Amino acid sequence: MTPGVRKVMFDRLLSCPAGYTKGIDERGSTEGLSGLILPQSHGHRRESFLYRTEPEFELSSSTQSRNSSIASEAGHGDDLIVTPFAQILASLRSVRNNYISLTNLPQNSHRSRRPSLVSGPSFNHLSRIEPTDENYVRRAGETLEELDWCLDQLETIQTHRSVSDMASSKFKRMLNKELSHFSESKSGNQISEYICSTFLDKDQEVDVRGEHPVEEAPKEAEEGSRVMSIITGVNNKSLDHTNSVMLTSGVPRYGVHTKTEEELGQCLERVDQWGLDIFKVSDLSNHRPLTAVTYTIFRDRDLLKIFKIPSEKLVSLLLTLEDHYLKDVPYHNSIHAADVTLSINTLLNSNALESVFTPLEVMTAIFSAAIHDVDHPGLTNQYLINTSSELALMYNDESVLENHHLAVAFKLLQNQDCDIFVNLNKKQRQTLRKMVIDMVLATDMSKHMSLLADLKTMVETKKVAGSGVLLLDNYTDRIQVLQNMVHCADLSNPTKPLDLYRQWCDRIMEEFFQQGDREREAGLDISPMCDRHNATVEKSQVGFIDYIVHPLWETWADLVHPDAQDILDALEDNRDWYQSQIPVSPASSSSDIREEDEGRSGGSQEDYPEDEEDKCTRSGGGGGGEDACHGVKLQVTLQEEEENDRDENTGM
């Protein structure tokens, strides 16, 4: 796309109403395209730690040009930018503006990389301010400093790293600095260790000297010499088809046989709303929440008709899939899978993403959410690695559980009665499998910082570049948004109504404690937050929100503004409630949990009254909010020359 086209596109965006807008292709046509304008600032909202400065890296006062506002000729407002590559672009823009000011170059001059702009006769005719002028000296110094900073950044970029890796490395440094405040107390140190070990993908330290005595590796149980090429469930559970649908009376309306079908239907009428009580759905569906929710979503979205999915095969797969979620696992069970599927469905319904993804991509996202934790043993990846489990050996310690979930799910699809994609052609099946693998692997929490950095760099770079348009015209960008969507849904518990959030919190802590009990019995070091005798739940949730959940949802809300503003409000209210529940003791340090909520009122349990008229859906929805400011417009359009070559089967 030429600069002229980008300028025209952004000028037209500025003439559109705030919020939802029509998309614009390279010919200037708005027919059939859609998008949104993202906000430039949220002065009213508490921002996450990502927006703090790094003193050791940004010592100069002139860094404001890259840390504070994105001011472009196209009319952007003030917006804080934090990703290094976007900061480089902002700094170069500042250099350009200073150059124009120093040389009195007309503001409407076009950018050019030709030497005539900076040297030769064409430079001599420009009237400059006298060198003795104080403003000239100051601006010249600032310009040189900005150039030096850009050069330093560019010179230190490793050639094999992407610009998103720069942001990921920076965010990790900042997170480590923030977590140092927790380490001043015993409970805080445990929280810090948990966040670092779970959400940061650290390089494995290797001892090449071999000076330490060899210790016998701990074993969970005798594995024998079984052939590992056979895919089996936890404890060697067979992955054969376990359910068949009785067709004498037809497929049940919601995919499950239950005596409370009417009440279940009343709940599932609100399947598109954020905050649906999935625990009540589980009770009403005869403890088949995943089947009821997923079947309803497939039916309501017409996916059975679009892809010619036999309804009996879909129900058979879902019932079999649900059977392979272990019922004795407190958190990672079919209720969690159903909740993540509900969350994905709601996020896909965002006005900002309307018509952005193809039906195949929508179905793939829903399917990925449904299978993403199948056959989860209730243990962490690190535990499986530390105990030399067969799964860790099979998958070479890399995303052990996530690879297992994928293998189990695709193995179940091989059952003839469960193959819901039987009528997809080869191209569609290949595309679906690739997307499912990419999305489920993105639920590995150790990839959190990379996913966050990728998304934030994508959004900020488009803002700073001046085009204001975020094109999702290639697989990499589209799957990146879908991966972050699944990741957000997987980390959505703190954004739900408080009573639901507290139930999820109790469940995950019990799962952690059960792992800690096994580690204690086996003589292993107890993992962070897994010692039931030494865990501070309330404090851990505040840290979890501040350093993991809030930065992620803050970035997602920027992408789909204003659709996620209510979700952010619920997140902040829940954070305030857990903050208020932290026990206060004389030995506690004021720096254990740093308060950054000046001007904000604290939440309390009374802030969350139960709506007696609607116990299925509670407040905390995913829609509504304030008008959007000028920002990046999310637009889905393939390049014009590819329009005629679009695959009719995949829609990509």
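Computed from a prediction, not measured in an experiment: that's the story for all the values here.

Visitor: What's the story with the overall build of the chain in this structure? I'm lost.
Guide: Assigned secondary structure in the chain consists of 23 helices and four strands. Counting contacts in the chain only where the partners sit at least 6 residues apart, residues at least 24 apart contribute 78% of the total. For the chain, the exposed surface amounts to about 30,400 Å²; the carbon and sulfur share of it is 49%.

Visitor: For this particular structure, what's the right way to read helix H18 (residues 426–441)?
Guide: One turn of an α-helix holds 3.6 residues; hence residues three or four places apart share an orientation. If you check H18, its first and last C-alpha atoms are 23 Å apart, about what 16 residues at 1.5 Å a residue would give, namely 22 Å. Among all positions in H18, only Gln428, Thr431, Leu432, Met435, Val436, Asp438, Met439 and Val440 are buried. Buried-residue contacts for H18 involve helix H14 (359–371), helix H17 (400–413) and helix H20 (475–490). A side-chain oxygen of the first residue of H18 lies 3.1 Å from the backbone nitrogen of Lys427; this N-cap is Asn425.

Visitor: Help me out: how do you make sense of the nonpolar core in this one?
Guide: Most often, soluble globular proteins keep nonpolar side chains buried together rather than apart. Counting residues in each nonpolar core, the largest one holds 127 residues, and the members touching the most others are Met363, Trp553 and Trp556. Residues within four places of Trp556 in sequence aside, it is in contact with Leu347, Leu353, Leu455, Val481, Asn484, Met485, Cys488 and Ala564. Counting nine residues, the second-largest nonpolar core is a separate cluster that includes Leu391, Ala392, Val400 and Ala407.

Visitor: Looking at this model, I keep getting lost on the packing of aromatic side chains. Mind explaining?
Guide: Each aromatic ring pair is characterised by the separation of its centres together with the angle its planes make. On inspection of all chains with the given rule, the structure shows six aromatic pairs. A centroid spacing of 5.7 Å and a plane angle of 80° characterise the contact between Trp274 and Trp553, whose relative ring orientation is edge-to-face. Highlighted residues: Trp274 in the loop between helix H8 (261–268) and helix H9 (278–284) and Trp553 in helix H22 (residues 537–560), separated in sequence by 279 residues. Cation over ring: Arg433 sits above Phe410, and NZ or CZ is 4.5 Å from the ring centre. Of note, Lys496 hangs over the ring of Trp274, and the distance from its end group to the ring centre comes to 4.9 Å.

Visitor: Please clarify how the confidence of the model for the chain should be interpreted in this entry.
Guide: Parts of the model with low pLDDT should not have their predicted coordinates read in detail. Confidence in the prediction of the chain, expressed as mean pLDDT, is 74, and 61% of residues score 70 or more. Note on residues 56–61: pLDDT under 50 across the span, and eight contacts to partners over four residues away in sequence or across chains. Scored below 50 in pLDDT, residues 68–77 makes 32 contacts in the model with residues more than four places away or belonging to other chains.

Visitor: Help me out: how do you make sense of the packing of helix H21 (residues 498–521) against H22 in this one?
Guide: Each packed pair of helices is defined by two parameters, the angle between the axes and the distance between the axes. Between H21 and H22, the least distance of the axes is 12 Å, while the angle of their chain directions is 110°. The orientation of H21 relative to H22 falls into the category roughly perpendicular. Residues Tyr501, Cys505 and Met509 of H21 form the contact with H22, whose participating residues are Val537, Gln541 and Ile545. Taken together, the residues of the contact of H21 with H22 sort by class into five nonpolar, one polar and no charged.

Visitor: Mind showing me how you'd approach unusual backbone geometry here?
Guide: The phi angle of most residues is negative, glycine excepted, and most peptide bonds adopt the trans form. In the segment running from His561 into Pro562, the intervening peptide bond is cis, with an omega of 5°. Along the chain, the position of Pro562 falls in the loop between H22 and helix H23 (565–580). Even without glycine at this site, Ser399 takes up a positive phi of about 45°. Structurally, Ser399 can be placed in the loop between helix H16 (390–394) and H17.

Visitor: Just to check I follow, could you spell out the pattern of salt bridges for this structure?
Guide: Where charged atoms from two side chains of opposite charge approach closely, those side chains can pair. Counting across every chain of the model gives 12 salt bridges. Across the pair Arg429 and Asp419 runs a salt bridge whose closest N-O atoms are separated by 3.6 Å. Taken together, the positions of Arg429 in helix H18 and Asp419 in the loop between H17 and H18 put the pair 10 residues apart, joining distant regions of the chain. The class of Arg429 is partly exposed, set by a relative accessible area of 35%. What emerges from the salt-bridge pattern is a single network uniting Glu510, Asp517, Arg520, Asp531 and Arg532.

Visitor: Before we go on, may I ask you to explain helix H10 (residues 289–300) in this structure?
Guide: Here H10 is 12 residues long and its end C-alpha atoms lie 16 Å apart, about the 16 Å a rise of 1.5 Å per residue gives. Burial analysis of H10 places 10 of its 12 residues in the buried class, which makes it a mostly covered element. For H10, every residue scored as buried is listed here: Pro289, Leu290, Thr291, Ala292, Val293, Thr294, Tyr295, Thr296, Ile297 and Phe298. Of the surrounding elements, those touching the buried residues of H10 are H8, H9, helix H11 (303–306), helix H12 (311–323), helix H13 (334–348) and H14. Where H10 ends, the next residue or the one after it, Asp302, has phi of about 65°, a positive value.

Visitor: Would you mind showing me how to read the environment of Met485 here?
Guide: In this fold, Met485 is placed in helix H20. With relative accessibility at 0%, the residue Met485 sits in the buried group. Each C-alpha atom of the pair Met485 and Leu348 lies 8.5 Å from the other, and the pair is 137 residues apart in sequence. Sequence-distant contacts of Met485, defined by excluding residues within four places in its chain, comprise Ile344, Leu347, Leu348, Leu353, Phe357 and Trp556.

Visitor: Help me understand the packing of H18 against H20, please; the structure alone is not making it clear to me.
Guide: With their axes 9 Å apart at the nearest point, H18 and H20 run at an angle of 45° to one another. Judged by the angle between their axes, H18 and H20 are oblique. For the pair H18 and H20, the sense of crossing is right-handed. Seen from H18, the contacting residues are Lys434, Met435, Asp438 and Met439; seen from H20, they are Tyr475, Ile479, Leu482, Gln483 and Val486. For the contact of H18 with H20, the residue count by class is six nonpolar, one polar and two charged.

Visitor: Can you walk me through the environment of Ile526 in this structure?
Guide: On the secondary structure map, Ile526 appears in the loop between H21 and H22. On the accessibility criterion, Ile526 (29% relative accessible area) is partly exposed. Between the C-alpha atom of Ile526 and that of Tyr383, which follows or precedes it by 143 residues, the distance is 9.7 Å. Once you skip the residues sitting within four places of it in the chain, Ile526 turns out to touch Gly516, Glu519, Arg520 and Asp531.

Reading the values: the criteria
Residues numbered from 1 in each chain as written. Predicted model: local features only at pLDDT ≥ 70, side-chain atom pairs only at ≥ 80, totals over all residues. Heavy atoms only, no water. Helix = DSSP H or I, 4+ residues; strand = E, 2+ residues; numbered from the N terminus. Contact = heavy atoms within 4.5 Å. Areas by Shrake-Rupley, 256 points an atom, 1.4 Å probe, with all protein chains shown as cover. Expected span 1.5 Å × (residues − 1). Buried < 20%, exposed > 50% of the residue type's maximum accessible area, 1.4 Å probe, protein only. Polar contact = N/O pair within 3.5 Å; in protein donor to acceptor, adjacent residues only side chain to side chain. Core = buried A, V, L, I, M, F, W, Y, C linked by side-chain atoms within 4.5 Å. Phe/Tyr/Trp six-rings, centres within 6.5 Å; stacked < 30°, edge-to-face > 60°. Lys NZ or Arg CZ within 6 Å of the ring centre and 35° of its normal. pLDDT = per-residue confidence, 0-100. Axes fitted to C-alpha atoms, helices over the stretch in contact; angles between N-to-C directions. Parallel < 35°, antiparallel > 145°, perpendicular 65-115°, else oblique. Nonpolar A, V, L, I, M, F, W, Y, C, P; charged D, E, K, R; others polar. Salt bridge = Lys/Arg side-chain N within 4 Å of Asp/Glu carboxyl O. Left-handed = near helix turned anticlockwise from the far one by under 90°.

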